[in-house]
Amino acid sequence: MADVQGFYALYYAGPTGEAAMGVMIYDGRLAAIDPAGGEFTGTYKVTDSGDYDLEILLSFLKGSTLVTGQTVEADITIPIEVTLKKETLNGEVQRIELPFGPLNFKLVRKIAL
């Protein structure tokens, strides 16, 4: 686990926009915030193939506009499960399907812990 621990820039894009947020990955946990008020917290486990299974709670504030095009009508928290490919931690783009639409993202480690 120690080799992935650090502070990352998460760059992501959807059908109607793009954004970035800061992500901390440390000791089986992750947390992120963005300037628009979005955040997520969760846990990760390493799979046998070296990928990472994530269990995340995504939170958005009322009035937020998502990069997938929706405007949030009330504060909301959405649980999701995602497999983070090990290649994504090396800067490769990964596509995921979320309950509110598709998202392409990449992670760039800024500080190793």
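Heads up: these notes are all about the structure in this document. (Residues numbered from 1 in each chain as written. Predicted model: local features only at pLDDT ≥ 70, side-chain atom pairs only at ≥ 80, totals over all residues. Heavy atoms only, no water.)

1. Side note on the overall build of the chain
Link 1 in the chain: From N to C terminus, the chain includes 0 helices and 8 strands.
Link 2 in the chain: Ordered by position in the sequence, the α and β elements of the chain form the string β-β-β-β-β-β-β-β.
Link 3 in the chain: Reported as C-alpha extents along the three principal axes, the dimensions of the chain are approximately 40 × 25 × 20 Å.
Link 4 in the chain: Put simply, the chain has 113 residues, and 40% of those count as buried. (Helix = DSSP H or I, 4+ residues; strand = E, 2+ residues; numbered from the N terminus. Buried < 20%, exposed > 50% of the residue type's maximum accessible area, 1.4 Å probe, protein only.)

2. As for unusual backbone geometry
Link 1 in the chain: Positive phi outside glycine occurs at D27, with the angle close to 50°.
Link 2 in the chain: Relative to the helices and strands, D27 resides in the loop between β2 (17-26) and β3 (29-33).

3. Details of the pattern of salt bridges
Link 1 in the chain: Taken as a whole and judged by the stated rule, the model has 2 salt bridges.
Link 2 in the chain: Its salt-bridge partner being K85, residue D51 comes within 3.7 Å of it at the nearest N-O pair. You can see D51 sitting in the loop between β4 (39-46) and β5 (52-60) and its partner K85 sitting in the loop between β6 (76-84) and β7 (94-98), a full 34 residues away along the chain.
Link 3 in the chain: The exposure class of K85 is partly exposed, given its relative accessible area of 37%.
Link 4 in the chain: Put simply, R95 and E97 hold a salt bridge, and the shortest N to O gap is 3.3 Å. One exposure class covers both R95 and E97, and it is exposed. (Salt bridge = Lys/Arg side-chain N within 4 Å of Asp/Glu carboxyl O.)

4. Comments concerning the environment of I33
Link 1 in the chain: As for its placement among the helices and strands, I33 is situated in strand β3.
Link 2 in the chain: A residue is classified by how much of its surface remains accessible, and I33, at 58% relative accessible area, is exposed.
Link 3 in the chain: Note: C-alpha distance between I33 and L103 (70 residues apart in sequence) is 17 Å.
Link 4 in the chain: Setting aside chain neighbours within four positions, we find I33 in contact with M21, G22, G38 and E39. (Contact = heavy atoms within 4.5 Å.)

5. A look at the side chain of S64
Link 1 in the chain: Relative to the helices and strands, S64 is located in the loop between β5 and β6.
Link 2 in the chain: Among the residues examined, S64 registers a relative accessible area of 13% and is labelled buried.
Link 3 in the chain: Only 2.8 Å separates the side chain of S64 from the backbone oxygen of L61, close enough to count as a polar contact.
Link 4 in the chain: For S64, the residues in contact, after removing those within four places along its chain, are A36, Q70, T71 and V72. (Polar contact = N/O pair within 3.5 Å; in protein donor to acceptor, adjacent residues only side chain to side chain.)

6. Structural notes on the packing of aromatic side chains
Link 1 in the chain: The full count for this structure, using the stated rule, is 2 aromatic pairs.
Link 2 in the chain: A centroid spacing of 6.0 Å and a plane angle of 70° characterise the contact between Y44 and Y52, whose relative ring orientation is edge-to-face. Across the pair, exposure class does not vary: Y44 and Y52 are buried alike.
Link 3 in the chain: Aromatic pair F60 and F100: ring centres 5.7 Å apart, planes at 90°, arrangement edge-to-face. Here F60, found in strand β5, pairs with F100, found in the loop between β7 and β8 (101-112); they are 40 residues apart in sequence, far enough to count as distant. (Phe/Tyr/Trp six-rings, centres within 6.5 Å; stacked < 30°, edge-to-face > 60°.)

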